[in-house]
Each structure stands twice: as C-alpha cells, then as structure tokens.
Number of protein chains: 2
Amino acid sequence: MPQGKVDPANIPDDGLTTRQRRMLPITAVHTGPGKGKSTAAFGMAMRAWNQGMRVGVFQFVKSPKWKVGEESVFKRLGQLHEETGEGGPVEWHKMGEGWSWSKKAGSEEDHARDAAEGWQEIKRRLAEETHDIYILDEFTYPIKWGWIDVNDVVETLQNRPGTQHVVMTGRDADPKLIEVADLVTEMTKVKHPMDVGRKGQKGIEW
Amino acid sequence: MPQGKVDPANIPDDGLTTRQRRMLPITAVHTGPGKGKSTAAFGMAMRAWNQGMRVGVFQFVKSPKWKVGEESVFKRLGQLHEETGEGGPVEWHKMGEGWSWSKKAGSEEDHARDAAEGWQEIKRRLAEETHDIYILDEFTYPIKWGWIDVNDVVETLQNRPGTQHVVMTGRDADPKLIEVADLVTEMTKVKHPMDVGRKGQKGIEW
C-alpha cells in the first residue's frame, strides 16, 4: 500500500469519526544516526505554530551553538504572536545552564538531576495541558543514561489528557518509546561531509 | 568514529583552511520512504534565513494542502526581512498551477514541460547566484520520471559558482544524485499512523 493512502480495510473500528481521529494526539519519535531528527521536529513545530498551536520546546542538550538558528527563529515567531496574534505562543527551554524556569543554576555534576527536573516539569505541563505540541529534543539520551525512567515516560504519554502532540528526538530510542509512539522515523546516515573532514557550515549546521 | 567528530587523520589534503572549508557549498539529499525529508529541508532553510541567507524554495509537487504551513511561515519570514531587515529574503515557488514566474498556466498534460521549465529557471539562478540556499522539494520525482536529465543536474551542481547550498528531497533519489551530494540522509519509516487508518493531523501534517 502506498504511503499516504488510507486503506479502507484498515480503518480502525474505534467508533471515531474521521474528524475525531484527526484530533488524536500524535506521539512521534525521530531516531537513528542520520541528520535531520531535530530539524524535522522543529519543522513540525513551525507548522503547528502556523495553526495557532502553543509550542513548547525542551532541549536536553548542552551545546550552546547548536540549533541556535531554530531557537532564534522560534523566539521571533513567539514575539510575532504576542505583537500581532499570528500563529501560536512559543516557549523555548534548554537544559544548558539549568532550566530557565528553575532558580537553581545547573552544574557540571548535576546533569542527571537537571534532566530529571526537566522531565518533572514536562509532566506537570502535560497534566495541565500547557502546550499543544511538545518538542523534547535529544530526549532519548537522558533516558538511555538512566536519568529519566522510560516506564514513567511511557505511562505519562499514554495517560496524557487532551490532544497534546509530543515529538521526541535523539539516537538509540528505547524500544518502549518506539512502542508507545505512533509515528517513528529513523534517519540513516548515507553520507556526511564531516566524514571527509569538512566542518559544520554557518547557516546549515547552526 | 562518532558522527559529528572530525577525525584529524581524515582532514582533506585540499590546501583549504577550516574557515574556507566551512564556506564550501553543501549539496544535500534527503531521500527514503520515511517522513521528515521536506520538513528537515525547510528546517535547514530556517537556519539559513536566520543567518541572512537568500532562500529559494522550488516545490515540484501538486498537492495544494501539503506543506502550506511551511509556505505560510516562510512567506512571513520573507516579509519580516523586507520590513525590518531581519534574516534573509525568501522566494517560494511551486509548480502547482505552472510556476509563478511563468506567464503560461500549467495544464494537466504538461507536468513534464513544467518540471523541465522549473529546472531551467533553477539553472539560470544558479549561474547568476540568485540565492544562497536552494530547496528543491520533491525534485527526485521529475528526475525519476525522465522529465529532467540527471546528468544535466549533476553537471550543473558540480560546476555551480560560489557557495550556493542545494538541498534536494524525495524518495528514490537517483544514484548519480547520491554520488554528487556530500550530505545524504535516508529517512526510513518505522511506524506511521496512516498504517492504522489514522488521517493526517492539522498542524502536524500541514
């Protein structure tokens, strides 16, 4: 069956109308060793912003330079929303130097604590339906390193209220995350310029 | 070797400094059956816009609904550039009803002609260095269908002047495109909600 076509024999017997099914929350995972996992997630957030959705980005990364382009554009889109009502509101949080909502500054030793604290905050927001789409960027790593309990993540995602979309990125996604997701894409590296010693490019890599 | 790290033994003996190498034009292909090929390309364009690059998007597709979210956001970003000088200028062209620069309206029978005409225009722009980054969305299909000669594409890309980045998307990329590209990512479908009869979601799929 070609992708993008719905097989009528395959329509779920869930008693929902097509319209109701369109409003189901999406749980997506972008994983694999290739490029584009985060970039595609931010592209989804861009579409969601355009539909007036409330965007929440949570970056479980440390690099200060990486993805600064996206952050800058999304902050501008959030500002546009405030000024003109276009699109939706945007919140962009990163773990870099402790989370921005936290009074405590993060420290080199406390990445595990920072990651766990980030997840607790996301849980609270999911319970309160704070955002319409959550981008949990590089979220697979704190799970892999045991800083965040994957069973807690799975249970939280399964029981979240409303129609909040959640997109998670990062390599080596836990099989339980794959299981709970309904949209999983693996990005495979075929060729990368860094393989031949080229450096990241301004405007392309950040 | 972990991705993202440069193996010093692998730095090319090309006589270029790191800074010069950073300014080399990137030729990227996003292919494979999974989601995120175009979305990741538009994410790259977003970063490029943020760096003040001149963005040119060329969509070799017909669907009126698909990707309308990205188009809307990029047109807004282009407008922001005109009003405030932020970011770079944006041009967004689609083949849908004939190309926007063309006087002739496209017709059902003339997709092959329209695609070839689109490529000729892109060639002219590459020669004149009109844009800093070109997103050739769904470009693999007119090549696959024989509407655009892959050898002409390869030769044009190899000989393009300056530091113009080119990102091409679509399934079943011709092996010659893979060969000429220096950044190739394959998006593999692991799971897709349409497999279980779910419809596209507003704000997620468009």
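What you see is a predicted model, and the numbers here were worked out from it, not measured in a lab.

(A) Local environment of the overall build of chain A. Within chain A one finds 7 helices and 6 strands. For chain A, the N- to C-terminal ordering of α and β elements is α-β-α-β-α-β-α-β-α-α-β-α-β. Within chain A, the proportion of its 206 residues that are buried is 53%. Relative to all contacts within chain A whose residues are 6 or more apart in sequence, the contacts with residues 24 or more apart total 74%.

(B) Quick peek at the pattern of salt bridges. On inspection of all chains with the given rule, the structure shows 24 salt bridges over all chains. Measuring nitrogen to oxygen at the nearest pair gives 2.8 Å for the salt bridge that ties E70 of chain B to R47 of chain A. One end of the pair, E70 of chain B, is in helix α3 (residues 68-84); the other, R47 of chain A, is in helix α2 (residues 37-50), on a second chain. Here E71 of chain A makes a salt bridge to K94 of chain A, at a shortest N to O gap of 2.7 Å. Of this pair, E71 of chain A sits in helix α3 (residues 68-84) while K94 of chain A sits in strand β3 (residues 90-94), and the two are 23 residues apart along the sequence. For E71 of chain A, a relative accessible area of 9% gives the class buried. Overlapping salt bridges, with partners in common, bring together E91, E121, R124 and R125 of chain A in one network.

(C) The pairing of strand β1 (residues 27-31) of chain A, seen in detail. Residues and elements named next belong to chain A. In terms of burial, β1 is a largely internal element, 5 of the 5 residues being buried. What you see with β1 is no split at all: T27, V29 and T31 on one side and A28 and H30 on the other are buried throughout. Direction of pairing for β1 relative to strand β5 (residues 165-169): parallel, over a ladder of 4 bridges. For V29, the partnering residue across the bridge sits in β5 and is M168.

(D) Seen up close, the nonpolar core. If you look at the biggest cluster of nonpolar residues, it comprises 44 residues, and the most contacted ones within it are F74, L77 and I135 of chain A together with F74, L77 and I135 of chain B. If you look at the next biggest cluster of nonpolar residues, it comprises 26 residues, including F60, F139, V154 and A181 of chain A.

(E) Layout of unusual backbone geometry. Despite not being glycine, E129 of chain A has its phi angle at roughly 50°, a positive value. Tracing the chain through its elements places E129 of chain A in the loop between α4 (111-128) and β4 (133-137). Residue D172 of chain B is not a glycine yet carries a positive backbone phi of 50°. Relative to the helices and strands, D172 of chain B is located in the loop between β5 (165-169) and α7 (175-180).

(F) The side chain of T31 of chain B, seen in detail. All names here are of chain B. Considering the arrangement of structural elements, one finds T31 in strand β1 (residues 27-31). Given the relative accessible area of 6%, T31 is considered buried. Dropping the residues within four chain positions of it, T31 is found in contact with K37, G170, R171, D172, A173, I178, T185, E186 and M187.

(G) The arrangement of the sheet that holds β3 of chain A in detail. Strand order in the open sheet formed by 12 strands is β3(A)-β2(A)-β4(A)-β5(A)-β1(A)-β6(A)-β6(B)-β1(B)-β5(B)-β4(B)-β2(B)-β3(B), and the pairing between neighbours is mixed. Edge positions in the sheet fall to β3 of chain A together with β3 (90-94) of chain B, since each has one partner strand and no second. For this sheet, the mean angle separating the axes of adjacent strands, direction not counted, is 15°.

(H) Geometry of the packing of aromatic side chains. Residue and element names in this part refer to chain A. Following the criterion strictly, the structure yields 22 aromatic pairs over all chains and no others. With 5.6 Å between their ring centres and 45° between their planes, W119 and F139 make a pair best called tilted. Within this pair, whereas W119 is found in helix α4, its partner F139 is found in the loop between β4 and α5 (140-144), the two being separated by 20 residues in sequence. Residue classification places F139 among the buried residues on the basis of a relative accessible area of 0%.

(I) Seen up close, α3 of chain B. All names here are of chain B. The end-to-end C-alpha separation of α3 is 24 Å, in line with the 24 Å expected for 17 residues at 1.5 Å each. By the burial criterion, the buried members of α3 are G69, E70, E71, V73, F74, R76, L77, G78 and L80. Backbone geometry just downstream of α3 places G85 in the positive-phi region, at approximately 80°.

(J) Quick look at the packing of α2 of chain A against α3 of chain A. Residue and element names in this part refer to chain A. Between α2 and α3, whose axes approach to 12 Å, the crossing angle comes to 10°. Relative to α3, the element α2 is oriented roughly parallel. Seen from α2, the contacting residues are T39, F42, A45, M46 and W49; seen from α3, they are E70, F74, L77, G78, L80 and H81. Looking at the contact of α2 with α3 residue by residue, the classes come out as 7 nonpolar, 3 polar and 1 charged.

(K) Representation of the environment of G162 of chain A. All names here are of chain A. Summarising the element assignment, G162 is placed in the loop between α6 (150-158) and β5. The exposure class of G162 is partly exposed, given its relative accessible area of 44%. For G162 and E129, which are 33 residues apart along the polypeptide, the C-alpha to C-alpha distance reads 7.2 Å. Ignoring anything within four residues of it in the chain, the contact list for G162 reads P25 and E129.

(L) Up close: α6 of chain A. Residue and element names in this part refer to chain A. Turning to α6, its buried residues are V150, D152, V153, V154, T156 and L157. Buried residues belonging to α6 abut β1, α4, α5, β5 and α7 (175-180). Where α6 starts, the residue carrying a side-chain oxygen 3.1 Å from the main-chain nitrogen of N151 turns out to be D149.

(M) Structural context of the environment of E91 of chain A. Residue and element names in this part refer to chain A. Tracing the sequence through the fold places E91 in strand β3. Along the chain, E91 and T39 lie 52 residues apart, while their C-alpha atoms are 17 Å from each other. Those residues in contact with E91 that lie beyond four places of it in its chain are V55, G56, V57, R125 and H131. Here H93 takes part through its side chain, which lies 2.7 Å from a polar atom of the side chain of E91. Within the structure, the side chain of E91 is placed 2.8 Å from the side chain of R125, a separation counted as a polar contact.

Parameters and conventions
Residues numbered from 1 in each chain as written. Chains lettered and ligands numbered in written order. Predicted model: local features only at pLDDT ≥ 70, side-chain atom pairs only at ≥ 80, totals over all residues. Heavy atoms only, no water. Helix = DSSP H or I, 4+ residues; strand = E, 2+ residues; numbered from the N terminus. Buried < 20%, exposed > 50% of the residue type's maximum accessible area, 1.4 Å probe, protein only. Contact = heavy atoms within 4.5 Å. Salt bridge = Lys/Arg side-chain N within 4 Å of Asp/Glu carboxyl O. Pairing = 2+ DSSP bridges. Core = buried A, V, L, I, M, F, W, Y, C linked by side-chain atoms within 4.5 Å. Axes fitted to C-alpha atoms, helices over the stretch in contact; angles between N-to-C directions. Phe/Tyr/Trp six-rings, centres within 6.5 Å; stacked < 30°, edge-to-face > 60°. Expected span 1.5 Å × (residues − 1). Parallel < 35°, antiparallel > 145°, perpendicular 65-115°, else oblique. Nonpolar A, V, L, I, M, F, W, Y, C, P; charged D, E, K, R; others polar. Polar contact = N/O pair within 3.5 Å; in protein donor to acceptor, adjacent residues only side chain to side chain.

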